[in-house]
Amino acid sequence: MEAIHPDCAIIAQHLRARETCSQARRREVQNQTARGGCQTDWDEIGCWPRADAGQVVNVSCADVFQHFSNGQGSVYRNCTADGWSDVYPAYEEVCDFSDDSGPESETSYLSTFRRVYTVGYATSLISLITAIVVFTAFRKFHCTRNYIHVNLFSSFVLRASAVFVKDTVLFADETLDHCSVSTAACKSAVAFFQFSILANYFWLLVEGMYLQTLLALTFVSQRKYFWWYILTGWGLPSTILVLWVLTRFFYDDRGCWDDTDNVAIWWIIKGPITASLLVNIVIFVNVIRILVQKLKSSSMSGNNDTGHFIRLAKSTLFLIPLFGMHYTVFAFLPENTGVAARLYIELGLGSFQGFVVALLYCFMNGEVQAELRRRLWKCRNWSGRVPAKRSLSQVSLGARGGLRRPPSTGNVSTV
């Protein structure tokens, strides 16, 4: 669940606060509860709740400027018989808010951060494509386990590609307000982005399911489960995405669909992702339990063949970054909570996740390294034996026609 752009998060928060304030005022007008006092008022910055005449109301800076103010003070307004007084002291005096320095520093920070995750996703994209080529080019690696790895790599490729497509469509023109743009192109880019996120999480779930099945059902052929894995990894995300697109189109067709204001609609995407994370955690704990039991039984029976289970234990430890456990930190929190931390974890560290996956499951795999070394040695040996084969063929042809001594001449010249 990638964090939404912080600019849009701030604007969305501002719009939600204004709408909430307006709704409260409309309810007061309908119920006629504002007689003899001051109605709920929106001053274009903060919302002032209803008050009785003579009452002093204060609003905290932390409630007004959540993302870009460190001020701990409050501003005040008096409710008089003539209505609300002016705000005192001014927002910029108490809340340490500066109009000319904040946006520039924030823009510079976001530009730098975008370069960081662009490098991360580009690195992941190159390494993942290379790993897919390795697993598909050599017939030795054609098995159910590697087929699942290839699909997982493909989901990471889609995720990285979707980030580039989304940035290109939404942020290509810096003069446009990308938070309010609403075009078919940007909606398609966001839909593709959400599909890649869903597919990535579900293929992480498939990896966990496959490992548990491999340990729990040792003598069962895994090939018959492969199409169920395909259905889980690609079919379920497609179904969820279609449901989300139809819901957004008919009930919340605003902007580029990259906001999370409507919590019920957002949980169409967030709910399955959170469920997959929870199931993966349960699978991970169960896999550790199975491995510990098998290792204990092997050691107690005096069986020295524990290398297989040790390799499985290492694979399980390798699965820790694959299970996406770091995403559970924000799974049940509101989307506007910890925006900076979300950016670091989901975009900064997450952009290199595909590279780590390819490194652990392909480039650091002993079988892959051995096969590549064998093929490299074979190619070198083949290229070195080509001249020898030609000379042998020439000798055999000469033998068929009879070995003849070259004519001797008095003067032998060498060219």
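Residues numbered from 1 in each chain as written. Predicted model: local features only at pLDDT ≥ 70, side-chain atom pairs only at ≥ 80, totals over all residues. Heavy atoms only, no water.

Concerning the overall build of the protein
- Across its full length, the protein holds 12 helices and 7 strands.
- Scored against the burial criterion, the 415 residues of the protein give a buried share of 39%.
- Counted over contacts in the protein with a minimum sequence separation of 6, partners at least 24 positions apart contribute 69%.
- Per element, the accessible surface of the protein, about 23,500 Å² overall, is 61% carbon and sulfur. (Helix = DSSP H or I, 4+ residues; strand = E, 2+ residues; numbered from the N terminus. Buried < 20%, exposed > 50% of the residue type's maximum accessible area, 1.4 Å probe, protein only. Contact = heavy atoms within 4.5 Å. Areas by Shrake-Rupley, 256 points an atom, 1.4 Å probe, with all protein chains shown as cover.)

Thoughts on the nonpolar core
- Phe-135, Ile-148, Phe-153, Trp-244, Ile-269 and Ile-273 are the most contacted members of the largest nonpolar core, which totals 63 residues.
- Only helix 4 (102–137), helix 5 (144–171), helix 6 (184–216), helix 7 (226–251), helix 8 (263–300) and helix 11 (353–363) provide two or more residues apiece to this core.
- Per-element tally for this core: the top contributor is helix 6, with 16 residues.
- Apart from residues no more than four positions distant in its own chain, Ile-269 is found in contact with Gln-194, Leu-198, Ile-240 and Trp-244.
- Formed by 12 residues, the second largest nonpolar core is a distinct cluster that contains Val-57, Val-75, Tyr-91 and Cys-95. (Core = buried A, V, L, I, M, F, W, Y, C linked by side-chain atoms within 4.5 Å.)

Some remarks on the sheet that holds strand 7 (residues 83–84)
- Strand order across the open sheet formed by 3 strands is 5-6-7, with antiparallel pairing between neighbours. Edge positions in the sheet fall to strand 5 (56–60) and strand 7, since each has one partner strand and no second. (Pairing = 2+ DSSP bridges.)

Overview of helix 7
- In a regular helix each residue adds 1.5 Å, so 26 residues correspond to 38 Å; helix 7 covers 37 Å between its end C-alpha atoms and thus fits that length.
- In helix 7, a bend of some 30° at Gly-235 exceeds every other bend along the element, and Pro-237, a proline, comes one to four places later.
- Among all positions of helix 7, only Phe-226, Tyr-229, Ile-230, Thr-232, Gly-233, Pro-237, Ile-240, Leu-241, Trp-244, Thr-247 and Arg-248 are buried. (Expected span 1.5 Å × (residues − 1). Bend = angle between axes of the 7 residues up to and from the residue.)

Overview of the confidence of the model for the protein
- With 65% of its residues at a pLDDT of 70 or more, the protein shows a mean pLDDT of 75.
- Confidence drops under a pLDDT of 50 for residues 98–105, and excluding neighbours within four residues, the segment shows 1 contact in the predicted structure.
- In this model residues 388–415 is a low-confidence stretch, pLDDT under 50, and it forms 2 contacts with partners more than four residues away in sequence or in other chains. (pLDDT = per-residue confidence, 0-100.)

Some words on the environment of Ser-127
- Its location among the elements puts Ser-127 in helix 4.
- Residue contacts for Ser-127: discarding those within four places in its chain leaves Gly-354, Phe-355, Ala-358 and Phe-363.

A look at the packing of aromatic side chains
- Counted by the stated rule, this structure contains 14 aromatic pairs.
- Judged by centre distance (6.3 Å) and plane angle (80°), the rings of Tyr-117 and Tyr-121 are edge-to-face. One end of the pair is Tyr-117 and the other is Tyr-121, both in helix 4 and 4 residues apart, which spans about a single turn.
- Judged by relative accessible area, Tyr-117 falls into the buried class, the value being 7%.
- Ring centres of Trp-244 and Trp-257 lie 5.9 Å apart, and the angle between their planes is 85°; on these two criteria the pair is classed as edge-to-face. Here Trp-257 lies in the loop between helix 7 and helix 8 and Trp-244 lies in helix 7, a separation of 13 residues in the sequence.
- Accessibility expressed as a relative area gives 1% for Trp-244, which makes it buried.
- In this structure Trp-257 comes out as buried when scored by relative accessible area, which is 6%.
- Linked through ring pairs, Phe-135, Phe-138, Phe-141 and Phe-153 together constitute an aromatic cluster. (Phe/Tyr/Trp six-rings, centres within 6.5 Å; stacked < 30°, edge-to-face > 60°.)

Describing the environment of Asp-259
- By the element assignment, Asp-259 lies in the loop between helix 7 and helix 8.
- Judged by its relative accessible area of 15%, Asp-259 falls in the buried class.
- Setting aside its immediate chain neighbours within four residues, Asp-259 contacts Arg-248, Asp-252 and Arg-254.

Concerning unusual backbone geometry
- Between Tyr-88 and the following residue, Pro-89, the backbone shows a cis peptide bond with an omega angle of -20°.
- Within the element layout of this structure, Pro-89 appears in the loop between strand 7 and helix 3 (91–94).
- With a phi angle near 65°, Trp-257 is a residue other than glycine that sits in the positive phi range.

Examining the side chain of His-149
- Within the fold, His-149 resides in helix 5.
- Non-local contacts of His-149, meaning those with residues more than four positions away in its chain, are made with Phe-135, Glu-207 and Tyr-361.

Notes on the pattern of salt bridges
- Using the criterion set out here, one finds 9 salt bridges in the structure.
- The salt bridge partner of Asp-252 is Arg-254, with a shortest N-O separation of 2.6 Å.
- As a salt-bridge pair, Glu-371 and Arg-375 come within 3.1 Å of each other at their nearest N and O atoms. In this pair, Glu-371 and Arg-375 both sit in helix 12 (residues 366–400), 4 residues apart, roughly one turn of the helix.
- One salt-bridge network, in which partners are shared between bridges, spans Lys-140, Glu-371, Arg-374 and Arg-375. (Salt bridge = Lys/Arg side-chain N within 4 Å of Asp/Glu carboxyl O.)

Quick notes on the packing of helix 6 against helix 7
- Two elements in contact, helix 6 and helix 7, have axes separated by 8 Å at closest approach and are oriented at 150°. Comparing their axes, helix 7 and helix 6 come out roughly antiparallel. Of the two elements, helix 6 crosses helix 7, and the hand of that crossing is right-handed. Note on element contacts: helix 7 touches helix 6 through Tyr-229, Ile-230, Thr-232, Gly-233, Trp-234, Leu-236, Pro-237, Ser-238, Ile-240, Leu-241, Trp-244 and Val-245, opposite Val-190, Ala-191, Gln-194, Phe-195, Leu-198, Ala-199, Phe-202, Trp-203, Val-206, Met-209, Tyr-210 and Thr-213.
- Its residues assigned to classes, the contact of helix 6 with helix 7 comprises 19 nonpolar, 5 polar and no charged. (Axes fitted to C-alpha atoms, helices over the stretch in contact; angles between N-to-C directions. Parallel < 35°, antiparallel > 145°, perpendicular 65-115°, else oblique. Left-handed = near helix turned anticlockwise from the far one by under 90°. Nonpolar A, V, L, I, M, F, W, Y, C, P; charged D, E, K, R; others polar.)

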